[in-house]
Amino acid sequence: MSDRRRINGPVGQTAPPVYASAPGKRTARQLGDDVIRKIFLKTGVTPSASGSAYLEVEDPSTTSPSGTSLKLTCTVHGPRALPRSAPFSPHIILSTHVKYAPFATRHRRGYLRDSSERDLGVHLETALRGAIIADRWPKSGVDIIVTIIEGDQNRDSPEYERDEGWDMMNVLSGCITVASAAIADAGIDCVDTVAGGVAALVAKDAKSQPSIVLDPDVAGYYKVFAACCVAYLPTRDEVTNIWFKGQLPGADSMIYNKLVERSLVACRNANRVLVQSLNETVRQAQIPS
Amino acid sequence: MAQTVAVPGQLLGPADKYAAGAGTHIHEANLYSSLLGTIAVSQPPPASKAPGPQKRLTKIAAALATSTNSTTTNTNNVLPTISVSRSAEGVGAGVGGVVEKREVLPEVGNTVLCRVTRITPRHASVAILVVGDTVLEAEWQGMVRVQDVRATEKDKVKIYESFRPGDIVRAQVISLGDQANYYLSTASNELGVIMAKSEAGNTMYPVSWKEYKDPETGLSEPRKVAKPF
């Protein structure tokens, strides 16, 4: 690890606790395939930021007391003046940072940004840029920082090695939703509330046919063939970002379209949570006075 | 008025019924909210404030009103303005500005209050503190160039006879300026230095359009003085 300024934790994975009864193989969730996991979303969690939000996704098939699988916080700083060295800009300059907490995934993360975090940051920026009305804020910049506290990787699933990065899709969709809430909280003009959603083509066990599920709980399936994360503006009916990963079986040429369509459904579901949470934010502000 | 909540992207109404105010945008002839907050609809005041542009507005609105039999019993046919803001008036004011989180930007035409930070023979650098009635959270850099200090005898203006570092200046934004600075102007009677301290450190009072006087030492210093209201 190149970071020598800090006292770093152990590199690589840490051993999970061993219990008397070994955790069994995770079964596919009890929820239906067309249901996304429950989302908790709250704005205004960081007082020092101009806008902030916190998002949690439940883990439906867990026995642990916390019962979550994804935890994100987002802070928005700005709009503020650009640094003196920056050239004139007639619109707002977005800069997004996505950072995994060192303990967020099974493999310990470093403090420095790695390529997957940079990748998530670029995807998040394109997703948000389509939603923000940039020319309302000339000559200003805004920093959007998402911290991943828990990275949607199940710790008690026995197949540790079979980690192909599918959980990054879920993380990105969470990042988009939480950043959208934080931007609305910061009072930056948007054309719509953008929300993220994931659909995946999975096989539930060794013999079953591939099927499309929303918001996949990766550890619960036998194999994930492909996944698609979409950022979607529901009232505009526009997609601002799409991330597709994996191999599709060649037989059905429409399966790509189907996968995108299903992820739009996931986006709409997430958006409902987002709108509800934003409504609550305004109401809470009204009640004390 | 009912406190209706709007989230970004929420449909507010057709663009021929309302005029777009702060926190809204128009998409395909419909008005949508672009901010999170409460909706406020304000009827425009009767046309008497600004005779020039108001006249033209009435003409356009009259043409619209005949085509879309609008039922608004508005005397001068100006559309009501719909706007979305985080703290509706009255609600936010009671808490003392805690609810108001939205940052505003200086815009061309705004009157701003600023503090002089640095002077050179060509310009005075200022930090913009207040835009209109809103105190800014961030400090924005501004610049009063020597040709914008006053409207007459521009060639005789000397920056050090107009401003000193630490002065509080009322100015108008004339341009978004370059990469770092907003360009400001004080070329009006009402604009200029409104608070100044003498070299001895005492708060001075204005005695004429170009002089401030120290009440303790009795010395006067040159400034571009703003006409008191």
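Everything here concerns the structure above.
Let us look at the structure shown here. (Residues numbered from 1 in each chain as written. Chains lettered and ligands numbered in written order. Predicted model: local features only at pLDDT ≥ 70, side-chain atom pairs only at ≥ 80, totals over all residues. Heavy atoms only, no water.)

What about the overall build of chain B?
Within chain B one finds 2 helices and 16 strands. Each of the 229 residues in chain B was classed as buried or not, and the buried ones make up 41%. The contacts of chain B with a sequence gap of at least 6 include a subset with a gap of at least 24, amounting to 56%. Taken as a whole, chain B presents about 12,300 Å² of accessible surface, with 54% of it coming from carbon and sulfur. (Helix = DSSP H or I, 4+ residues; strand = E, 2+ residues; numbered from the N terminus. Buried < 20%, exposed > 50% of the residue type's maximum accessible area, 1.4 Å probe, protein only. Contact = heavy atoms within 4.5 Å. Areas by Shrake-Rupley, 256 points an atom, 1.4 Å probe, with all protein chains shown as cover.)

Focus on the environment of Ile242(A)
Residues and elements named next belong to chain A. Within the fold, Ile-242 resides in strand β9 (residues 238-246). In this structure Ile-242 comes out as partly exposed when scored by relative accessible area, which is 38%. With 18 residues separating them in the primary sequence, Ile-242 and Val-260 have C-alpha atoms 8.6 Å apart.

Here we look at the pairing of strand β8 (residues 223-233) of chain A
Residue and element names in this part refer to chain A. Across the 11 residues of β8, 9 count as buried, placing the element largely inside the fold. As judged from the 9 bridges shared by strand β6 (residues 195-203) and β8, these two strands associate in the antiparallel manner. Across the sheet, Val-198 pairs through a bridge with Cys-229, a residue of β8. Bridging between β8 and β9 involves 8 bridges; their strand directions are antiparallel. (Pairing = 2+ DSSP bridges.)

Let's talk about the interface of chain A and chain B
Taken residue by residue, the interface counts 35 residues in chain A and 34 residues in chain B. In total, about 2,900 Å² of surface goes out of reach between chain A and chain B, with carbon and sulfur atoms giving 58% of it. The largest contributions to the chain A side of the interface with chain B come from Arg84(A), Lys139(A) and Val282(A), which together make up 20% of the buried area. Elements supplying a minimum of two residues to the side of chain A that touches chain B: β3 (68-81), α2 (167-186) and α3 (255-286) of chain A. Broken down by element, the side of chain A that touches chain B gets its largest block of residues, 8 residues, from α3(A). Considering only residue class, the side of chain A that touches chain B consists of 16 nonpolar, 10 polar and 9 charged. (Buried area = accessible area lost by both parts, 1.4 Å probe. Nonpolar A, V, L, I, M, F, W, Y, C, P; charged D, E, K, R; others polar.)

Some thoughts on the pattern of salt bridges
For side chains bearing opposite charge, pairing can occur when the charged atoms are close. Taken as a whole and judged by the stated rule, the model has 15 salt bridges over all chains. Across the pair Arg109(A) and Asp114(A) runs a salt bridge, and its minimum N-O distance is 3.2 Å. Take Arg109(A): its relative accessible area is 16%, and that puts it in the buried class. Classification of Asp114(A) by relative accessible area gives partly exposed; the value is 29%. Of the charged contacts, one joins Glu199(B) and Arg164(B) as a salt bridge, the two residues approaching to 3.5 Å between their closest N and O atoms. A residue pair is termed long-range when its members are at least 10 positions apart, and Glu199(B) in the loop between β13 (192-195) and β14 (205-208) and Arg164(B) in the loop between β10 (134-145) and β11 (168-175) qualify at 35 residues. Taking relative accessible area as the criterion, Glu199(B) reaches 69% and is therefore assigned exposed. Overlapping salt bridges, with partners in common, bring together Arg37(A), Asp152(A) and Asp215(A) in one network. (Salt bridge = Lys/Arg side-chain N within 4 Å of Asp/Glu carboxyl O.)

Looking at the packing of α2(A) against α3(A)
Residues and elements named next belong to chain A. Packing of α2 against α3 leaves a shortest axis separation of 10 Å and a crossing angle of 25°. The orientation of α2 relative to α3 falls into the category roughly parallel. Considering only the axes of α2 and α3, their crossing is right-handed. Together, Thr-177, Ser-180, Ala-181, Ala-184 and Asp-185 of α2 and Ala-270, Leu-274, Leu-278 and Thr-281 of α3 make up the contact between the two elements. A per-class count over the contact of α2 with α3 returns 5 nonpolar, 3 polar and 1 charged. (Axes fitted to C-alpha atoms, helices over the stretch in contact; angles between N-to-C directions. Parallel < 35°, antiparallel > 145°, perpendicular 65-115°, else oblique. Left-handed = near helix turned anticlockwise from the far one by under 90°.)

A look at the sheet that holds β9(A)
What links the strands of a sheet is backbone hydrogen bonding, and the strands pair in either a parallel or an antiparallel sense. Residues and elements named next belong to chain A. The strand order across the open sheet formed by 4 strands is β7-β6-β8-β9, and the pairing between neighbours is antiparallel. Unpaired on one side and paired on the other, β7 (211-214) and β9 mark the two borders of the sheet. Neighbour-to-neighbour, the strand axes of this sheet turn through a mean angle of 20°, independent of strand direction. Note that β6 and β7 share 4 bridges and pair antiparallel. When the sheet's bridge partners are listed, Ala-200 is paired in β7 with Val-213. In the packing of helix α1 (residues 115-129) onto the sheet, contacts are made with β8 and β9, and the angle to β9 comes to roughly 150°.

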